[in-house]
Amino acid sequence: MSSVAVLTQESFNEHRSGLVAEQAGDEEAPAYKDAFPPLPEKAASPEGTQEPVNAWTSKIRPLKSSVITQVFHVPLEERKYKDINQFGEGDQAKVCVDIMHKTGAHLELSMAKDQGLSIMVSGKLDAVMKARKEIVSRLQTQASATVAIPKEHHRFVIGKNGEKLQELELKTATKIQIPRPDDPSNHIKISGTKEGLEKAKHEILLISAEQDKRAVERVNIDKVFHPFITGAYNKLVADMMQETGARINVPPPSVNKTEIVITGEKEQVALAVAMIKKIYEGKKNATTIAVEVKKSQHKYVIGPKGNTLQEILEKTGVSVEIPPPDSNSETVILRGEPDRLGQALTEVYAKANSYTVSSVVAPSWLHRFIIGKKGQNLAKITQQMPKVHIEFTEGEDKITLEGPTKDMQMVQSQMEAIVTDLVSRMDYMEISVDPRFHRHLIGKGGANINRIKDLHKVSVRIPPDNEKSHLIRIEGDPQGVQEASKELLELASRMENERTKDLIIEQRFHRAIIGQKGEKIKDVRDKFPEVIINFPDPAAKSDIVQLRGPRNEVEKCSKFMAKMVADMVENGFFLSVPIFKQFHKNIIGKGGANIKKIREETNTRIDLPAENSNSEMIVITGKKENCEAARIRILSIQKELANITEMEVSIPSKLHNSLIGSKGRFVRSIMEECGGVHIHFPTEGSGIDTVTIRGPAEEVEKAKKQLLSLAQDKQTKSHTAELKAKPEYHKFLIGKGGGNIRKVRDSTGARIIFPTLEDEDQELITVVGTEEAVREAQKELEELIKSLDNVVEDVMNVDPKHHRYFVARRGQVLRDIADEYGGVMVSFPRSGANSDKVTLKGAKDCVEAAKKRMLEIIEDLDAQVTMECVIPQKFHRSIMGPKGSRIQGITRDHNVQIKFPERHPVVLGSPAEAAVQENGEANGEMVEEPAAPVDPTAPRKCDVIVLSGRKERCEAAVEALKALVPVTTEVEVPFELHRYIIGQKGSGIRKMMDEFEVNIQVPAPELQSDIISITGLANHLDRAKEGLLERVKELTAEQEDRSLRSFKLTITVDPKYHPKIIGRKGAIITNIRTEHDVNIQFPDKNDDNQDQITITGYEHKATAARDAIQAIVDELEEMISEDITLDARVHARIIGARGKGIRKIMDEFKVDLRFPQPGAADPNQVFVTGRPELVDEAIDHLLNLEEEYVSTLVKVVQGEFTPKCSSKGFVVREAPWQTGSEKAPDMSSSEDFPSFGAPVAATNKASPWGPKRF
């Protein structure tokens, strides 16, 4: 047993100083067990005894372990593996290792004397139970047995989702096989150990015994008597279940079954069956009568959810039997007691005749006028008679009314009055107009047709494009119908002489054709004044430019614009040149000289990436041959500056994608690893095998090796798979811009190759990559193809005028429809195709729903109106907000279009076309110059803002626009505060303007005015005014505070005390400044008054700070300074490590010590400064230290110094080596204290240190 000695710091110090040796003669040596107390024994103390409390024992709260240990014994006769010679090496050892891996439990095997096998299993409870089951099944011979229980009890042994069976198998360590439901056998087979078999058998029989106590009874009773058993609202059957405790299941009326099932305890079931039969016997001979009721009235007898039938049953006790809906019979049977049948029959007739159906004759074209706008006309009738249902059928000249008999007469008379009135004052007319002019009659956003409707108070129905109908129907006041038809025919006649042509011009050229401020397109329009040129909205991403006007002029303008585009295409070639970032400045040259020279000589545009960008690409734009020349010039500059080599490597093009990796991951890693070389792969699909590597020669070689190695790996590990899909599916599989197929490539890493037009097999798709990647890609593609087989495709007609709405903002409307209706794909024809066919693809229900939603949107678009809002032009910029943000918000919130008028330009020699600002997006800026209108009372054209959309939305948008008109207010602020309100470089006023969203105008300094103007929205002005006045209040308070804080006083202090007042690292003076919140300024070296200290702050605080400084000075003046002679050899000892010793003395005696600097005239002179009494005490302490250190130093030099410690060392009594035959270890013995690595001779001698383990 080992022992531990505990020594405190005090006793250890005493031993070092030799005090223990001096006391050895007086005190007895301690006992070994006292000096080295033994550790506590593991065994528990006997019951009823108190454990001794010592340094080693304490009551530790026991922790419950989650790990358990169980021992299993397998007798010899039940062992599977009985080859004793292979114990620990044979099959059973392998089985145990496998069980440990599978279950996570730890197994230890041992052999008993009777050759039985003992297995100790440790681990969590679940793991131990699983391991036990595995041990029994794999290391122990198996027996089997069968147990027979009724077939209907088997499901209770299995339990819900098989949980009961699993629990039983785990608990008994057996395998239980239950026959399938279609197997007539009732025998359950159990296999496992004998012990387990008995347990499992017992548990199964227990489950069966429990189920024997339950019973199920089925009673067949005619369906017509079921209502008497259930009672009204199922109250009777509920009472029976409550009374008997059994469960009674009566099939509902809709299920044609006669069997009533009762389950529960046997006694309960028997009681319930008796009660049901008793009811049946009582009602079996009930009287029945049959009456004829119209089929249309049956629903009124049944009532909502059959409530009327239940109500009759509850009131009269009579059951009413209604024929099923699919039957033509009108016979209703009443069954019950004879004296109650009369009352029930009265109830049935009352319910049947409570509702009436009738119709009113009305031409179908009048239906919508009868209904009124948003159903307003009908609402008046339905509010008075809410129970009457009015139904309009499209194409039929009648209106169906259904409701309570008492209300029907009034509603019918009201409807007939409305129809008579409308027929007397309404008329309609149909005119024939070529369908190609229909959209022009409607106008942009419905402007033309809405104007005609409002002017003549008529309704105009223009057929949709898909109908290809010439007939336009006009309905309304007879005179208005005549006038509207005349105007529409005149418009159509005028349009027959016009020509419209769509030019396909790539959108990237549109801005160049228009010009920066519209100056280029203005020249084209001046050249062809009769032609209207319309460019698409930039957000629509359309390439269609529309020309409209006289035939000859349109053709000329078309040719002119085509030539403009051809010139732009020739000069629009661009290429990218990778140049190392460090050489960009050399390409630019001093003051841009190099880049300017290359641009001028090659006639190209050269764009370099920003300095803070990580890109190394320089983009050259211009004619192809000029771009190539500029590229050579730029590369030659890089080559001159560095050792740049270019190398070409041939790698099969089919491997390029896999070498580049997802988003360039593979090739980027090679470039980074090889010192940033540039690796250029040819364009995908070009079929070129050459890969270019550029960079330092050594790094290029390294990158070449890596690329070839990677290519070889890709070739050796490449797998190919083929699958087939209909050619029409290929486009869908590839997706727009290859989006779908790119997702598959990125997720699997495989390459998918589709057949070209030249390939013989047009259905074959090839997948290339690693085996796993090909398998994943093949699986994803097969799923996509399978889903395509369930897709339906439908076509609908949408007027081309509405196409732009659906595809605008990158197809946001279509994306919303796809999200809402299960991902339906909606395809509009390409711009310029002049087609109204729109294709919808997706699941059938989703396509139908999406189609319906699109028709609703179209109807909404057709209902648009145009409205004007007059606001002076000077406020337009403010209303639009920064980058049109405010106006865009209004268009978005109110779903309207807003068009701002043209601005009056300043005429500078030639007329300039004003830029149009629409929906907050400015196409250009012109200098405003108001022009006087012709009619003084009429609003100026430049002040009129045009809104289009639904009427109520336009009205709301007009209010929102007017709320944005800025107003101005004035605030009086003292002139001397203006500069503080403006702030440093205008920061203060900018902050206020941003915070309150207003413009604040401060008068010029030379005006000396106190008036500040605030301009902004009315609801912002009050806040801004309050904020400004609050700021004035703050500034006034700050001025007063500054005046109070500027109080200044001076104190005269001898300069020699200045360092003491400042303190170590400014600690004392900083403390005074902080405590009194003042500024204290000491004189500079060049100041005349070196003894003046200036204090600035509040008067009372400055006075307090002066008093604090004066107190320090008074204290310093009381101090004295004395010099003493201390041997220079002990200075270091007194100072101590990092000045620790000297700081301790200075803190203890409250004095200041100054030791001489190296090279001083008197190296032994030390200055002590402080109060007289403290200086004397400090000097005495220093001299004592000097004497002690010097005497020690002398003895060491003379060799006389010996440590004061006992020659006997630390002595104890009753040590193990004193009481027994053992002896103390010999410190000189190599056996007791061997050297590390030295060989040790074997010995049987016991050691006081315990048994030897080496």
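Cut-offs applied
- Residues numbered from 1 in each chain as written.
- Predicted model: local features only at pLDDT ≥ 70, side-chain atom pairs only at ≥ 80, totals over all residues.
- Heavy atoms only, no water.
- UniProt positions renumbered as here; feature names shortened; annotations may be inferred.
- Helix = DSSP H or I, 4+ residues; strand = E, 2+ residues; numbered from the N terminus.
- Buried < 20%, exposed > 50% of the residue type's maximum accessible area, 1.4 Å probe, protein only.
- Contact = heavy atoms within 4.5 Å.
- Areas by Shrake-Rupley, 256 points an atom, 1.4 Å probe, with all protein chains shown as cover.
- Patch = residues over 30% accessible without salt bridge, like charges linked within 9 Å, V, L, I, M, F, W, Y side chains within 5 Å.
- Salt bridge = Lys/Arg side-chain N within 4 Å of Asp/Glu carboxyl O.
- Lys, Arg positive; Asp, Glu negative; His and termini not counted.
- Charge placed at Lys NZ, Arg CZ, Asp CG, Glu CD.
- Pairing = 2+ DSSP bridges.
- Axes fitted to C-alpha atoms, helices over the stretch in contact; angles between N-to-C directions.
- Arc of directions from axis to C-beta.
- Polar contact = N/O pair within 3.5 Å; in protein donor to acceptor, adjacent residues only side chain to side chain.
- Phe/Tyr/Trp six-rings, centres within 6.5 Å; stacked < 30°, edge-to-face > 60°.
- Lys NZ or Arg CZ within 6 Å of the ring centre and 35° of its normal.
- Core = buried A, V, L, I, M, F, W, Y, C linked by side-chain atoms within 4.5 Å.
- pLDDT = per-residue confidence, 0-100.
- Parallel < 35°, antiparallel > 145°, perpendicular 65-115°, else oblique.
- Left-handed = near helix turned anticlockwise from the far one by under 90°.
- Nonpolar A, V, L, I, M, F, W, Y, C, P; charged D, E, K, R; others polar.

- Naming follows an unreviewed UniProt entry, where the protein chain appears as Vigilin of Oncorhynchus tshawytscha.
- Reading the Function (unreviewed entry) entry of the UniProt record for the protein chain gives the comment "Appears to play a role in cell sterol metabolism. It may function to protect cells from over-accumulation of cholesterol."

1. A look at the overall build of the protein chain
- When helices and strands are tallied, the protein chain shows 47 helices and 47 strands.
- Within the protein chain, the proportion of its 1254 residues that are buried is 34%.
- In the protein chain, the proportion of contacts linking residues at least 24 apart, taken out of those at least 6 apart, comes to 67%.
- Counting only carbon and sulfur atoms, one obtains 51% of the accessible surface of the protein chain, whose full area is about 78400 Å².

2. Details of a positive patch on the surface
- Together, R1064, K1065, K1140, R1143 and K1144 give the surface a local cluster of positive charge.
- By the secondary structure assignment, K1140 is in helix α45 (residues 1140-1149).

3. Looking at the environment of D34
- The topology assignment puts D34 in helix α3 (residues 32-35).
- Exposure remark for D34: the relative accessible area of 64% places this residue in the exposed category.
- Note: C-alpha distance between D34 and R1213 (1179 residues apart in sequence) is 9.4 Å.

4. Focus: the sheet that holds strand β14 (residues 389-392)
- Strand order in this open sheet of three strands is β13-β15-β14, and the pairing throughout is antiparallel. Only two strands of the sheet have a single neighbouring strand rather than two, namely β13 (355-361) and β14. Direction aside, the axes of adjacent strands within the sheet are offset by 20 degrees on average.

5. Comments concerning the pattern of salt bridges
- Inspection of the entire model under this criterion finds 37 salt bridges.
- A salt bridge links R473 to E475; the shortest N-O distance between them is 2.4 Å.

6. A closer look at helix α7 (residues 163-172)
- All of the buried residues along α7 are L165, L168, E169 and T172. Projection of α7 onto a plane perpendicular to its axis shows the buried side chains occupying an angular sector of 95 degrees, all on one side. Facing away from the buried side of α7, by more than 90 degrees, are the exposed residues E163 and Q166.
- Immediately beyond the C-terminal end of α7, within one or two residues, lies A173, with a positive phi of roughly 55 degrees.

7. Topic: a negative patch on the surface
- There is a patch of like negative charges on the surface, built from E1122, D1123, D1162, D1176, E1177 and D1180.
- Among the structural elements, D1162 can be located in the loop between β46 (1152-1154) and β47 (1165-1170).

8. Points about helix α25 (residues 593-602)
- Here α25 has its buried residues at I595, I598 and T602. All buried residues of α25 fall inside an arc of 65 degrees around its axis, so they share one side. Facing away from the buried surface of α25 by more than 90 degrees, the exposed residues are K596 and E600.
- Once α25 ends, the next one or two residues include N603, with phi positive near 55 degrees.

9. Brief notes about the pairing of strand β40 (residues 998-1001)
- Alternating residues of β40 divide into V998 and I1000, all buried, and N999 and Q1001, none buried.
- Relative to strand β41 (residues 1011-1016), β40 runs antiparallel, the two being bridged by four bridges. Paired with V998 across the bridge in β41 is G1016.

10. Some remarks on the side chain of N626
- Mapped onto the secondary structure, N626 falls in helix α26 (residues 624-641).
- A distance of 3.3 Å separates the side chain of N626 from the backbone oxygen of T602, its partner in a polar contact.
- When residues no more than four places from it in sequence are discounted, the contact partners of N626 are T602, N603 and T604.

11. Brief notes about the packing of aromatic side chains
- If you walk through the whole model with that rule in mind, you get four aromatic pairs.
- Taken together, Y805, F806 and F828 form an aromatic cluster joined through their ring pairs.
- Directly above the aromatic system of F225 lies the positively charged group of R335, at a separation of 5.5 Å from the ring centroid.

12. Topic: the side chain of D1152
- The topology assignment puts D1152 in strand β46.
- For D1152, a relative accessible area of 12% translates into the label buried.
- Polar contacts involving the side chain of D1152 include one to the side chain of K1060, which spans 3.3 Å.

13. Considerations on the sheet that holds strand β11 (residues 319-321)
- Taken in spatial order, the three strands of this open sheet run β10-β12-β11, and their pairing is antiparallel. Edge positions in the open sheet fall to β10 (287-292) and β11, since each of these has one partner strand only. Neighbouring strand axes in the sheet, compared pairwise and without regard to direction, differ in orientation by 20 degrees on average.
- Inspection of the sheet shows β10 paired to strand β12 (residues 331-336) by six bridges, in the antiparallel sense. Paired with A290 across the bridge in β12 is I333.

14. Let's talk about the nonpolar core
- Grouped together as the largest cluster of nonpolar side chains are 20 residues, with contacts concentrated most on I871, I879, I898, L947 and L961.
- When contributions to this core are tallied by element, the ones reaching two or more residues are β34 (865-870), α35 (876-880), α36 (885-894), β35 (897-900), β38 (944-949) and α37 (951-963).
- No other element matches α37, which puts four residues into this core.

15. A few points about the pairing of strand β21 (residues 544-549)
- Within β21, five of the six residues are buried, leaving the element largely enclosed by the surrounding structure.
- Two strands pair when backbone bridges link them, and strand β19 (residues 499-504) and β21 are joined in this way by six bridges, in the antiparallel orientation. Along β21, the bridge assignment pairs T500 with R548.
- Bridge count for strand β20 (residues 532-534) against β21 is three bridges, and the pairing is antiparallel. Following the sheet pairing, I532 is matched in β21 by R548.

16. Structural notes on the environment of L165
- With respect to the element layout, L165 can be found in helix α7.
- In sequence terms L165 and K175 are 10 residues apart; their C-alpha atoms lie 9.5 Å from each other.
- Setting aside anything within four residues of it in sequence, one finds L165 in contact with V157, I158, I176 and I178.

17. Quick notes on unusual backbone geometry
- Even without a glycine there, the phi angle at K457 is positive, about 55 degrees.
- The exposed category is assigned to K457, whose relative accessible area is 65%.
- Of note in this structure, R1138 is not a glycine but carries a positive phi near 55 degrees.
- Tracing the backbone through its elements, the reader meets R1138 in the loop between α44 (1131-1135) and α45.

18. Some points on the confidence of the model for the protein chain
- Per-residue pLDDT for the protein chain averages 77, and the proportion of residues at 70 or more is 82%.
- The low-confidence segment residues 41-62, where pLDDT is below 50, has 10 contacts with residues more than four positions distant or belonging to other chains.
- Segment residues 1200-1207 is flagged for pLDDT under 50; beyond a separation of four residues in sequence, or across chains, it makes 11 contacts in the model.

19. Brief notes about the packing of helix α4 (residues 91-103) against helix α5 (residues 125-139)
- At a closest axis distance of 10 Å, the pairing of α4 and α5 adopts a crossing angle of 150 degrees. Relative to α5, the element α4 is oriented roughly antiparallel. Crossing angle aside, the handedness with which α4 passes α5 is right-handed. Taken together, the residues of α5 that come into contact with α4 (itself represented by Q92, V95, C96, D98, I99, K102 and T103) are A127, K130, A131, E134, I135, R138 and L139.
- Within the contact of α4 with α5, the residues separate by chemical class into seven nonpolar, two polar and five charged.

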